[in-house]
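Descriptive structure summary
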Amino acid sequence: MTLWVIIAASVLLVAVVSLSLYGASILPEDAELPMHYGLGGYTNWRHRTAVLWTWPAVSAVLYVLAVAVSQNGPGGAGVPLPLGMTIAIAVLLLNQVGALRAALGRGGRRPGR
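Only a predicted model underlies this, so the values are computations on that prediction, with no experimental measurement involved. (Residues numbered from 1 in each chain as written. Predicted model: local features only at pLDDT ≥ 70, side-chain atom pairs only at ≥ 80, totals over all residues. Heavy atoms only, no water.)

Comments concerning the nonpolar core
In terms of nonpolar packing, the biggest core is built from 21 residues, with L27, L33, W55, I89 and L100 touching the most fellow members. Looking at this core, the elements with two or more residues in it are α1 (2-26), α2 (48-72) and α3 (80-105). The biggest single contributor to this core is α3, with 7 residues. Residues contacting L27, with those up to four places away along its chain left out, are L33, R48, L100, A103 and L104. (Core = buried A, V, L, I, M, F, W, Y, C linked by side-chain atoms within 4.5 Å. Buried < 20%, exposed > 50% of the residue type's maximum accessible area, 1.4 Å probe, protein only. Helix = DSSP H or I, 4+ residues; strand = E, 2+ residues; numbered from the N terminus. Contact = heavy atoms within 4.5 Å.)

This is the structure:
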């Protein structure tokens, strides 16, 4: 099962990186995106460069941890943590999709501007 979890995490990591590259290509230079820092975090609008780099960076850290834990776990004991990290990457991807949709809906401008 660990192999499938790592394959799923790999696909999600590629999707996060690809979505960031897509966002960088379609958003204007001065665009801002909502960055979710916690509950109710969509009021935090940041410059596109910072946000588009943060998602792949956090996803890569989660991916490396998932792979490292899955390699060190005895038998199947290491599966729940990599699975949880893979789910976290999936949630991050969904958050990224929502943020890009919000930014594109406003033409990349912060609400109220």
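There is more to say, and it comes next.
A closer look at α3
Here α3 contains 26 residues, and its C-alpha end-to-end distance of 37 Å stays within 8% of the 38 Å for a straight helix at 1.5 Å per residue. Within the sequence span of α3, burial applies to P82, M85, T86, I89, L92, L93, N95, Q96, A99, L100 and A103. (Expected span 1.5 Å × (residues − 1).)

Comments concerning the packing of α1 against α3
In a pair of packed helices, the angle between the axes and the distance between the axes together describe the arrangement. Remark: α1 packs on α3, axes separated minimally by 9 Å, with the N-to-C direction vectors making an angle of 20°. Here α1 lies roughly parallel to α3, going by the angle between them. Remark: the crossing between α1 and α3 carries left-handed chirality. Of the residues in α3, those in contact with V5, A8, A9, L12, L13, A15, V16, L19, S20, G23 and I26 of α1 are P82, L83, T86, I89, A90, L93, Q96, V97, L100 and L104. In terms of residue class, the contact of α1 with α3 is built from 17 nonpolar, 4 polar and no charged. (Axes fitted to C-alpha atoms, helices over the stretch in contact; angles between N-to-C directions. Parallel < 35°, antiparallel > 145°, perpendicular 65-115°, else oblique. Left-handed = near helix turned anticlockwise from the far one by under 90°. Nonpolar A, V, L, I, M, F, W, Y, C, P; charged D, E, K, R; others polar.)

Points about the side chain of S59
Relative to the elements of secondary structure, S59 occurs in helix α2. When neighbours within four sequence positions are excluded, S59 is seen to be in contact with L13, V16, I89 and L92.

Regarding the environment of S10
Here S10 shows up in helix α1. Along the chain, S10 and T86 lie 76 residues apart, while their C-alpha atoms are 8.8 Å from each other. Within the local environment of S10, its side chain forms a polar contact with the backbone oxygen of I6, the two atoms lying 2.8 Å apart. (Polar contact = N/O pair within 3.5 Å; in protein donor to acceptor, adjacent residues only side chain to side chain.)

Focus on α1
With 25 residues, α1 extends 36 Å from end C-alpha to end C-alpha; this agrees with the ideal 36 Å at 1.5 Å per step. Looking at α1, one finds that the buried residues are T2, V5, I6, A9, L12, L13, V16, L19, S20 and G23.

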